[in-house]
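Here's the letter readout for the chains.
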Amino acid sequence: MADTPFVARLKDGQYVRLPLEKLIPALRFIRDLHERLHAAQAGAVHELADALAGCGIPFTGGQRLLELGSRLRQLLVAKPESATQPVILKGFSGDLRPYQTTGMAWMLALSDTGFGGILADDMGLGKTVQTLAFLATKLHQAQARTDGAPQLPCLLVVPTSLVSNWVREAAQFVPQMKVLALQGLDRKQYFDQIAQHDLVITTYPLLHRDSETLFAQNYHTVILDEAQYVKNPASQVAKLIRKIPATHRLALTGTPMENNLEELWCLFDWLIPGLLGNRKSFGETFRKPIEKENNLARQLALSKRISPFVMRRTKDQVVTDLPPRTEIVESVELTGPQRALYETVRATMHERVRKALAQKGLASSKITVLDALLKLRQACCDPQLVKLSSAAKITTSAKRSRLMEMLASLFAEGRRVLVFSQFVEMLNLIEADVKAQGWDYLKLTGQTQKRGEMVNAFQTGKASLFLISLKAGGVGLNLTAADTVILYDPWWNPAIERQAMDRVHRIGQDKPVFVHRLIAQGTVETRIAQMQARKQALMDAVFDPDEGNKMDMSEEEVMSLFEPSD
């Protein structure tokens, strides 16, 4: 298409051949003007000026808009292999890897444009340390100012479990920064000290309770860690964050989009309001064409619009010295009473879901579908999880037996192992088996109070086995002492599994990492594993415009999950 000439008819009836390739940026700009150009799309103005210059036409638009467009375009070249590395200003104690320095420089440049953005590096690449370096640099710049402007604190919102991690990292890397962590029953006595600190840390659950006090203070930068917590636009926390008065907004998450494009819209609606339109127009302009119609043109348009405001690097791109990670599928065959139980549950759930879809359609049957899938997954994991009198009599589990065989072999090899499950009750069953073998172990679930002590105990060699609830242990844990991860049960979202792997395969790891997925052969788990690739395609397609995708499940696909086992 780029080589195809564009023929235009002039007023005098003559025709002129124009190079279409040079005109494309101008045509895109005109299209975006029709859709109401946002200031954050100023880079398109710069493209227009270049396109007109290429055709011999001078651009006489606003110089300030051109300068903003130039700064936005510079954000796009902030790559490890091309970015100019700035000097780390004093106030930061530690060394940054080249890609981390690039990330910090990108955050500084982003802050100068006045727009927010997402640091979306893979788990384990050091988003925390990059952010602390950025904050230290901004603090040094503020202290060096002579215009008398007030020095505003920054606000950091994190999951409850990550407060201690941020406090510890800040003490190590930015010891001169005054940090105030507002957590616990006695936090209110420190409310009057907020303005005297450089960094104030609160949690997502406390935003509502403390909003009156927190939101009375202006902040230079507000940062959301694990920003996927606000992916639901209808949630209370997603509404609350819009009320925080701040000059600059930054989101940290390795999974800016886990299930669908609306999650990305929700983040950007906070970071740069209006850039992606309102919820309805975004659905019509981007989400439906991309997710339902596999429209690559719309996918490219979305990628282009958000690309200056997203810094995303994968481990493969930037960490050449990280040891290899090997992923292994352990197929487990259900036999005897457990297989009969699975088939009984499957046939019952198949009929229940079929009726629900026929009567109410997929949109109104999600609870029924999820409940049916839950029961099938439980039957795959262990009959004891299935709340049926017939299941209670079945004392054998193919997966549990295979797990115990694997653990015995791994411990004999001197391995240190993490076992993840989404079912706390499943971890309790595994715990009983482990106790019977006399193995030392640790366990972390949502009920665990002293997470930091548990992590330190494992890291210092107090046990070779760590049983972890996938929900409780998916974020904020650095467990590089382990070299093996076992995912006992799969679920839809590959991002959740990556989070589990990245507790081990992260900066600081010096051993090859092995990840074992236990999959019940020929069951719903097999089909879930196949569908995970489509979930991964959703995020890859937006951040890598060259990849296509097709996401949503049809009724036929839902019903395929309940087909008889092979």
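Residues numbered from 1 in each chain as written. Predicted model: local features only at pLDDT ≥ 70, side-chain atom pairs only at ≥ 80, totals over all residues. Heavy atoms only, no water.

What follows concerns the confidence of the model for the protein. When pLDDT is averaged along the protein, the result is 80; 79% of the residues meet or exceed 70. Note on residues 79-85: pLDDT is under 50 here. Beyond four places in sequence and across chains, it has 13 contacts. Below a pLDDT of 50 lies the segment residues 545-551, which in the model reaches 25 contacts outside its immediate sequence neighbourhood of four places, other chains included. (pLDDT = per-residue confidence, 0-100. Contact = heavy atoms within 4.5 Å.)

On inspection of all chains with the given rule, the structure shows 6 aromatic pairs. Each ring, one from Phe115 and one from Phe309, has its centre 5.8 Å from the other, and the planes form 75 degrees; the classification is edge-to-face. One end of the pair, Phe115, is in the loop between α4 (98-113) and β3 (117-119); the other, Phe309, is in the loop between α11 (296-306) and β9 (310-311), with 194 residues separating them in the sequence. We classify Phe115 as buried; its relative accessible area is 11%. The exposure class assigned to Phe309 is buried, which follows from its relative accessible area of 0%. Between the aromatic rings of Tyr204 and Tyr229, the centroid separation amounts to 5.1 Å while the plane-to-plane angle is 5 degrees, which identifies the pairing as stacked. One end of the pair, Tyr204, is in helix α7 (residues 204-214); the other, Tyr229, is in the loop between β7 (219-225) and α8 (236-240), with 25 residues separating them in the sequence. The class for Tyr204 is buried, based on a relative accessible area of 8%. Overall, Tyr229 belongs to the partly exposed group, its relative accessible area being 41%. Positioned above the aromatic ring of Tyr488, the side-chain terminus of Lys399 is 5.2 Å from the ring centre. The ring of Phe458 has Arg416 sitting right over it, with the charged end atom 4.3 Å from the ring centre. (Phe/Tyr/Trp six-rings, centres within 6.5 Å; stacked < 30°, edge-to-face > 60°. Helix = DSSP H or I, 4+ residues; strand = E, 2+ residues; numbered from the N terminus. Buried < 20%, exposed > 50% of the residue type's maximum accessible area, 1.4 Å probe, protein only. Lys NZ or Arg CZ within 6 Å of the ring centre and 35° of its normal.)

Buried residues dominate strand β15 (residues 513-520), accounting for 7 of its 8 residues. In this sheet, β15 lies alongside strand β10 (residues 325-332) in parallel orientation, the contact comprising 8 bridges. Residue pairing in the sheet places Ser331 in a bridge with Ile519 of β15. (Pairing = 2+ DSSP bridges.)

In this section: the sheet that holds strand β8 (residues 246-252). Taken in spatial order, the 7 strands line up as β5-β6-β4-β7-β8-β3-β9 in an open sheet, and their pairing is parallel. Edge positions in the sheet fall to β5 (179-181) and β9, since each has one partner strand and no second. In this sheet, β8 lies alongside β7 in parallel orientation, the contact comprising 6 bridges. Looking across to β8, one finds that Asp225 is bridged to Leu252. Together, β4 (154-158), β6 (199-203) and β7 form the strand contacts of α7, whose direction differs from that of β6 by roughly 130 degrees. (Axes fitted to C-alpha atoms, helices over the stretch in contact; angles between N-to-C directions.)

A word on the pattern of salt bridges. Using the criterion set out here, one finds 22 salt bridges in the structure. For Arg517, the salt bridge is made with Glu327, and the minimal N-O distance between the two is 2.9 Å. With Arg517 in strand β15 and Glu327 in strand β10, this pair connects stretches of sequence that are 190 residues apart. Of the residues examined, Glu327 reaches a relative accessible area of 39% and is grouped as partly exposed. Ionic pairing is found between Arg352 and Asp371, a salt bridge with its closest N-O pair at 3.9 Å. Taken together, the residues span a long stretch of sequence, with Arg352 in helix α13 (residues 336-360) and Asp371 in helix α14 (residues 366-381) at a distance of 19 residues. Residue class for Asp371 comes out partly exposed when judged on its relative accessible area of 28%. (Salt bridge = Lys/Arg side-chain N within 4 Å of Asp/Glu carboxyl O.)

What follows deals with unusual backbone geometry. Most peptide bonds take the trans form, and the phi angle of most residues other than glycine is negative. For Glu226, which is not glycine, the phi dihedral falls at a positive 50 degrees. In this structure, Glu226 sits in the loop between β7 and α8. One non-glycine residue, Asn294, lies in the positive phi region at around 55 degrees.

For helix α16 (residues 398-412), with 15 residues, the first-to-last C-alpha span of 22 Å sits near the 21 Å given by 1.5 Å per residue. Taken together, the buried positions of α16 are Ala398, Lys399, Arg400, Leu403, Met404, Met406, Leu407, Leu410 and Phe411. Count one or two residues on from α16 and you reach Gly414, which has phi positive near 80 degrees. (Expected span 1.5 Å × (residues − 1).)

Quick look at the sheet that holds β15 now. Across the sheet, 6 strands lie side by side as β10-β15-β14-β11-β13-β12; this open sheet has parallel pairing. On the outer flanks of this sheet lie β10 and β12 (442-444), each paired with one strand and no other. Direction aside, neighbouring strands of the sheet carry axes that sit 20 degrees apart on average. Pairing analysis gives 4 bridges linking strand β11 (residues 417-421) to strand β14 (residues 484-487), with the strands arranged parallel. Within β14, the position partnered with Phe420 by the bridge is Leu487.

Another aspect to go through is the nonpolar core. By size, the foremost hydrophobic cluster in this structure holds 76 residues, and its most contacted members are Phe92, Leu207 and Phe268. Among the elements that line this core, the one with the most residues is helix α9 (residues 261-271), at 8 residues. Setting aside residues up to four positions removed in sequence, Phe92 forms contacts with Val129, Leu132, Ala133, Ala136, Phe173 and Val174. Among the nonpolar cores identified, the runner-up in size contains 47 residues, and Leu341, Leu357, Val386 and Val558 belong to it. (Core = buried A, V, L, I, M, F, W, Y, C linked by side-chain atoms within 4.5 Å.)

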